[in-house]
Amino acid sequence: MGTGRRLFDKTSSLVPLISIVLGLLVGAAVMAAGGYDPIAAYRSLLDKVFGSKFDIGETLRQITPLIFTGLSVAFAFRTGLFNIGAEGQFIMGMTGATVVGVTVDLPAFIHAPLAIAAGAMAGGLWGALTGYLKARRGVNEVISSIMLNWIALYLSNFIIRQFLLEPGQQRSRMIHESASVSLAGLSKGMDYARMHIGMLFALAGVALFYVLLWRTKQGYELRAVGHNPEAARYAGMKVSRTIIKAMFISGLFAGLAGTFESLGVFHYEVIAASSPGYGFDGIAVSLLGGNTPLGILLAAALFGALTYGSAGMSFGADVPTEIARIVIGAVIFFVASHGIVRWLLKPDWFRKLNRPEAEREKGAAVHEHP
């Protein structure tokens, strides 16, 4: 029985796995209720994701920003903060990279790293602003980060319209070729899918997340402050500075997501009417991944595949793309309700049905061996 309890503990990898299966089943039920063929829909989804080298490349491209935003949200969680502002940090990262990519003209070996650093810093500083308001002014980070999401969107639009606008277009001018981080050779090999170096940075970010939090003194302080600020302060740690630092690093991850979308995918930034959504999806990725580096990598792969593959469901089985979001929402629900999953599937739940018989056997054993 002890083994079964550990196996289906909320930190077990089986709970997210079972949650995914249940989410897919709920999606299938919704499709069937709407008169669609769920088997054909899921087959079309897989065909879209794995059907060609181009589709595989584009799926990887879709996964990359989700890894970054998932790491961003998870890093804040691990340090006792709820960074719901990854969306705004993503936008500021994109804007910072675009500004440098458009306005600066340097050799590629300087220009591209400078643009990447500018985007990362823009996202990091936007996150640090939330940390400052939390540490110095006592403003709840959920409230401030939500407000800053909207400020980031409109500030970005203002910068593009006033300083970077392409005449006659609702977007910025194209970045210089020297600032591009696209991988032309790999892209050609993947039938011109939009491949870029950010995919390698995302994998490096997964490793950095683990090393920084669990293998460094700074990581220990970050987790200690998140777990118990008063005890950390008593131990001599600078709590306010640590909170700001945690939000800066969290924002840096989200800023990199926006950076590589600008420098590696589109090569410009649009004047947007609404947020792109990667930051909010990062919350779901972090939740599904259990705030662990490997879990986030796998969760981002699932969400990216569902997002990109939803187009295949629409064209191949005539299923609305909103169905894919229903599947994702159902998965998140079951992950968040891990108690329901354990209650349904834990190995020893049958004991409740057999309890009277077990009690009779126990009574008999007592009479035989007083």
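Right, let's walk through the structure included here. (Residues numbered from 1 in each chain as written. Predicted model: local features only at pLDDT ≥ 70, side-chain atom pairs only at ≥ 80, totals over all residues. Heavy atoms only, no water.)

1. With respect to the overall build of the chain
Across its full length, the chain holds 17 helices and 0 strands. A buried classification covers 47% of the 370 residues belonging to the chain. Long-range contacts, defined as pairs at least 24 residues apart, comprise 77% of the intrachain contacts of the chain with a sequence gap of at least 6. On the chain, roughly 18,200 Å² of surface is accessible, and the fraction owed to carbon and sulfur atoms is 65%. (Helix = DSSP H or I, 4+ residues; strand = E, 2+ residues; numbered from the N terminus. Buried < 20%, exposed > 50% of the residue type's maximum accessible area, 1.4 Å probe, protein only. Contact = heavy atoms within 4.5 Å. Areas by Shrake-Rupley, 256 points an atom, 1.4 Å probe, with all protein chains shown as cover.)

2. A closer look at the side chain of S262
Looking at the element boundaries, S262 is found in helix α12 (residues 239-266). Assessed through its relative accessible area of 0%, S262 is described here as buried. Setting aside chain neighbours within four positions, we find S262 in contact with M94, T98, I175, H267 and Y268.

3. Notes on the nonpolar core
Counting residues in each nonpolar core, the largest one holds 76 residues, and the members touching the most others are F75 and L263. Among the elements that take part in this core, α12 stands out by supplying 10 residues, more than any other. Other than its neighbours up to four places away in sequence, L263 contacts A97, A115, I116, I175, A179, S180, V181 and S182. V73, I84, A86 and I283 belong to the second largest nonpolar core, which has 5 residues in total. (Core = buried A, V, L, I, M, F, W, Y, C linked by side-chain atoms within 4.5 Å.)

4. Some words on the packing of helix α4 (residues 53-78) against helix α13 (residues 278-288)
Their axes nearest at 7 Å, the elements α4 and α13 cross at an angle of 65 degrees. Of the possible angle classes, the one that applies to α4 and α13 is roughly perpendicular. As for the relative orientation of α4 and α13, their crossing is right-handed in sense. Here R61, Q62, P65, L66, T69, G70, V73, A74 and F77 of α4 lie close against α13, whose contacting residues are Y278, G279, D281, G282, I283, V285 and S286. Looking at the contact of α4 with α13, its residues break down into 8 nonpolar, 6 polar and 2 charged. (Axes fitted to C-alpha atoms, helices over the stretch in contact; angles between N-to-C directions. Parallel < 35°, antiparallel > 145°, perpendicular 65-115°, else oblique. Left-handed = near helix turned anticlockwise from the far one by under 90°. Nonpolar A, V, L, I, M, F, W, Y, C, P; charged D, E, K, R; others polar.)

5. Re unusual backbone geometry
Positioned with a positive phi, Y192 is a non-glycine residue whose angle comes to about 70 degrees. Examined against the element boundaries, Y192 turns out to sit in the loop between α8 (184-189) and α9 (198-214). A positive phi angle, close to 70 degrees, is found at H267, a residue other than glycine. Following the sequence through the fold, H267 ends up in the loop between α12 and α13.

6. Focus on helix α14 (residues 293-317)
Given a rise of 1.5 Å per residue, 25 residues ought to cover 36 Å, and the 35 Å separating the end C-alpha atoms of α14 matches this to within 8%. Once α14 finishes, D318 follows within two positions and takes phi at roughly 60 degrees, a positive value. (Expected span 1.5 Å × (residues − 1).)

7. Describing the pattern of salt bridges
Applying the stated criterion to the full structure yields 5 salt bridges. With its nearest N and O atoms 3.7 Å apart, the salt bridge here joins D55 to K48. The salt bridge partner of E141 is K134, with a shortest N-O separation of 3.1 Å. Given a relative accessible area of 29%, K134 falls into the partly exposed group. Three or more residues are tied together by salt bridges with common partners; here these are E58, R61 and R194. (Salt bridge = Lys/Arg side-chain N within 4 Å of Asp/Glu carboxyl O.)

8. Considerations on a nonpolar patch on the surface
A contiguous nonpolar patch, built from I143, M147, I151, L155, F158 and F163 and spanning about 610 Å² of accessible area, is present on the exposed surface. Along the chain, L155 turns up in helix α7 (residues 141-164). Look at L155 and you get partly exposed, because its relative accessible area is 31%. (Patch = residues over 30% accessible without salt bridge, like charges linked within 9 Å, V, L, I, M, F, W, Y side chains within 5 Å.)

9. Examining the packing of α4 against α12
Following both chains from N to C, one finds α4 and α12 inclined at 170 degrees, their axes separated by 7 Å at the closest point. Between α4 and α12, the crossing angle belongs to the class labelled roughly antiparallel. Here R61, P65, F68, T69, L71, S72, V73, F75 and A76 of α4 come into contact with α12, specifically with A246, M247, I249, S250, G251, F253, A254, L256, A257, F260, E261 and V265. The residue inventory of the contact of α4 with α12, partitioned by class, reads 15 nonpolar, 4 polar and 2 charged.

Spatial relationships are all this shows, so hold off on functional conclusions.
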